[in-house]
Amino acid sequence: MRILKFGGTSVGSAEAFARVAGIVARAKEEDGNVVVVTSAMSGVTDTLINAAKAAAAGDETPYRDARNELLVKHQIVAGQLIEDGVERAALGRLLDEKLREFERLCQSIYVLGELTPRGLDVVSSLGEQMAAPLLAAVLRHHGVDAEAVDAREIIVTDDTFGAANPILEETCPRVEQHLRSLLEAGKVPVVTGFIAATRDGITTTLGRGGSDYSAAILGACLGADEVQIWTDVNGILTADPRIVPNARTLPELSYVEAAELAYFGAKVLHPKTILPAIERNIPIRVLNTFDPDGPNTRIVKEPAPVRTPVKAITAIRNLALITVEGRGMMGVPGIAARTFSAVARTGVSVLMISQASSEQSICFVIPAKDVPRVVESLNEELERELRRGFIDHIWSLDDIVIIAVVGQAMRGTPGIAARVFGALGEASINVIAIAQGSSEVNISLVVATTQADEAVRRIHDAFELHRVEELWAPAMAEA
Ligand code: ADP
Ligand code: ASP
Ligand code: MG
């Protein structure tokens, strides 16, 4: 059994839908059991969210415009790809119903002048609710017996709106029951990605880009042979192709490497996607909808050894480096613990902690948008130390980027850090902070936003990652 997940651009136009239909039909031929997961059409989730935010801020125009824009966007696909009048009319009614709901929701948000995370999840879930029935209808038109499934019926999460956590013990029996009977009837379920519901049926979302995670959850529950993430690039590349033009497809990655890359900004995969796959040891493959037979990436437990210690470079943006500094901190026990509990109380997650050689400062990286709350919480917690002068100041350095250099074979290969810093030194790129994960799968460093792209390119060059064919020739051939 295979799970095929299609991202926003893969369902971004009538032409893309037609390609998806071809891919699904082929998969169904090769392997009778196929489950499809779809994202909203590209740009739709952004439009929904922006309209709801504008409504909360007192502007009705964006949601009124969005309603028509979204109707047309979906209807163009239906118009071009579905000939059956009855199907088209049914779809038209469904789109109309969802968009009315959107308008009603935005009206109340406008009246209340407030948008809660819970409300935002309801609004942003509508894109997938329109895309799945549309894709199912397109598939039927292409001779694939497909049926749309609303994931809110089968994926159960907690109520962390905007980044809900699935409860597998409750999800899997539902998935098994609902999808298995469709599969047994020879159908292809087309499940909405990204969205889910609490035990009480309240709509949640898994976080932006969360359809990948949906696919992995379903794959784990059903014990799929492979979870396929179909996107707009040839798999996971040695770096973001928008930054490094000569980036190449990575043939194989381990779960840990893929997780590190996703966590540190490789948008191609939602960071939590790997978790359910590891649990059930299910391979994930990342492929290009627009080049289905082209190079792709397989993510497995134990990839074959390769001739390069470093596999890929990523960058994560919009961050700030917080420093708690003071000569009086030296030897005072508990400051680090209190610093991090103060951060933890804000609910903000720390992306990286830098190792300072002295005890005079503690530095860590957080998302830039969270700086005010975190600094406020630190000032409260450390108020006494600040007053007594044990801590001189707490400050934030904005406009920074974490660059992560990832590869499992870095462990035990000497000289990696020297090569990284040498490459950056030559380009006069200033490294503001560094950290090496305890896993040694990753070296992360902080640079200024203005130097980030150049830093990624320099490190990519230093390890000659564009020579992926040679680097990946099985290490055995070397002997
Ligand atoms: P989808 O809509 O299919 O989920 P996304 O936009 O979420 O697609 O992810 C695909 C994009 O991720 C690519 O178009 C690419 O620009 C970006 N990306 C960032 N880093 C990488 C990388 N290392 N390899 C491949 N793509 C990457
Ligand atoms: N449509 C959602 C988003 O834009 C989920 C996804 O694309 O995976 O974030
Ligand atoms: Mg995505």
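Everything discussed here concerns the structure shown above.
Just so it is clear, the structure is predicted and the values come from calculations on it, not from any experiment.

## Focus on the site of ligand 2
Here is step 1: Around ligand 2, a shell composed of Ser 39, Ala 40, Thr 45, Glu 128, Phe 194, Arg 208, Gly 209, Gly 210 and Ser 211 is seen.
Here is step 2: With respect to ligand 2, the side chain of Thr 45 contributes an N or O atom lying 2.8 Å from a nitrogen atom.
Here is step 3: Between ligand 2 and Ser 211 there is a distance of 3.0 Å, counted from an oxygen atom to a side-chain nitrogen or oxygen.
Here is step 4: Contact with the protein chains hides 86% of the accessible area of ligand 2, taken as 260 Å² for the molecule alone.
Here is step 5: Along the lines of polarity and charge, the residues of the shell around ligand 2 split into 2 nonpolar, 5 polar and 2 charged.

## Quick notes on the pattern of salt bridges
Here is step 1: Inspection of the entire model under this criterion finds 33 salt bridges.
Here is step 2: Across the salt bridge formed by Glu 60 and Arg 64, the nearest N and O atoms sit 3.0 Å from each other.
Here is step 3: Assessed through its relative accessible area of 25%, Glu 60 is described here as partly exposed.
Here is step 4: Judged by relative accessible area, Arg 64 falls into the partly exposed class, the value being 35%.
Here is step 5: Where Glu 87 meets Arg 140, a salt bridge forms, and the shortest distance between an N and an O atom there is 2.6 Å. Residue Glu 87 is located in helix 4 (residues 85-112), and its partner Arg 140 is located in helix 6 (residues 126-141); the two are separated by 53 residues in the primary sequence.

## As for the state of the cysteines
Here is step 1: Overall, the coordinates contain 1 disulfide when judged by the stated rule.
Here is step 2: Through a disulfide, Cys 172 is tied to Cys 221; the S-S separation comes to 2.1 Å. The sign of the S-S torsion, about -75°, decides the handedness of the disulfide formed by Cys 172 and Cys 221: left-handed. Residue Cys 172 is found in helix 7 (residues 168-184), and its partner Cys 221 is found in helix 8 (residues 211-222); the two are separated by 49 residues along the sequence. Exposure class is identical for Cys 172 and Cys 221. Each is buried.

## Re the sheet that holds strand 7 (residues 203-205)
Here is step 1: Strand order in this open sheet of 3 strands is 4-6-7, and the pairing throughout is mixed. Among the strands making up the open sheet, the edge pair consists of strand 4 (156-157) and strand 7.
Here is step 2: Both strand 4 and strand 6 (residues 195-198) contribute to a ladder of 2 bridges, which runs parallel. Paired with Thr 157 across the two strands is Thr 198, which belongs to strand 6.

## Considering the site of ligand 1
Here is step 1: Residues in close proximity to ligand 1 total 16 residues, the closest being Thr 231, Asp 232, Leu 237, Arg 242 and Lys 267.
Here is step 2: Within the side chain of Asp 232, one N or O atom sits 2.8 Å away from an oxygen atom of ligand 1.
Here is step 3: In isolation ligand 1 offers 570 Å² of accessible surface; the protein chains occlude 89% of this area.

## What to know about the side chain of Thr 273
Here is step 1: For Thr 273, the location among the structural elements is in the loop between helix 9 (255-263) and helix 10 (274-280).
Here is step 2: What makes Thr 273 buried here is its relative accessible area of 0%.
Here is step 3: A polar atom in the side chain of Thr 273 sits 2.6 Å from the backbone oxygen of His 270.
Here is step 4: Beyond its immediate chain neighbours, meaning those up to four positions away, Thr 273 contacts Asp 212, Tyr 213, Ala 216 and Ile 284.

## Quick notes on the environment of Glu 147
Here is step 1: Following the sequence through the fold, Glu 147 ends up in strand 3 (residues 146-149).
Here is step 2: Along the backbone, Glu 147 and Arg 338 are 191 residues apart, and their C-alpha atoms lie at a distance of 53 Å.

Quick notes on the rules
- Residues numbered from 1 in each chain as written.
- Chains lettered and ligands numbered in written order.
- Predicted model: local features only at pLDDT ≥ 70, side-chain atom pairs only at ≥ 80, totals over all residues.
- Heavy atoms only, no water.
- Near = heavy atom within 4 Å.
- Polar contact = N/O pair within 3.5 Å; in protein donor to acceptor, adjacent residues only side chain to side chain.
- Areas by Shrake-Rupley, 256 points an atom, 1.4 Å probe, with all protein chains shown as cover.
- Nonpolar A, V, L, I, M, F, W, Y, C, P; charged D, E, K, R; others polar.
- Salt bridge = Lys/Arg side-chain N within 4 Å of Asp/Glu carboxyl O.
- Buried < 20%, exposed > 50% of the residue type's maximum accessible area, 1.4 Å probe, protein only.
- Helix = DSSP H or I, 4+ residues; strand = E, 2+ residues; numbered from the N terminus.
- Disulfide = S-S within 2.5 Å.
- Pairing = 2+ DSSP bridges.
- Contact = heavy atoms within 4.5 Å.

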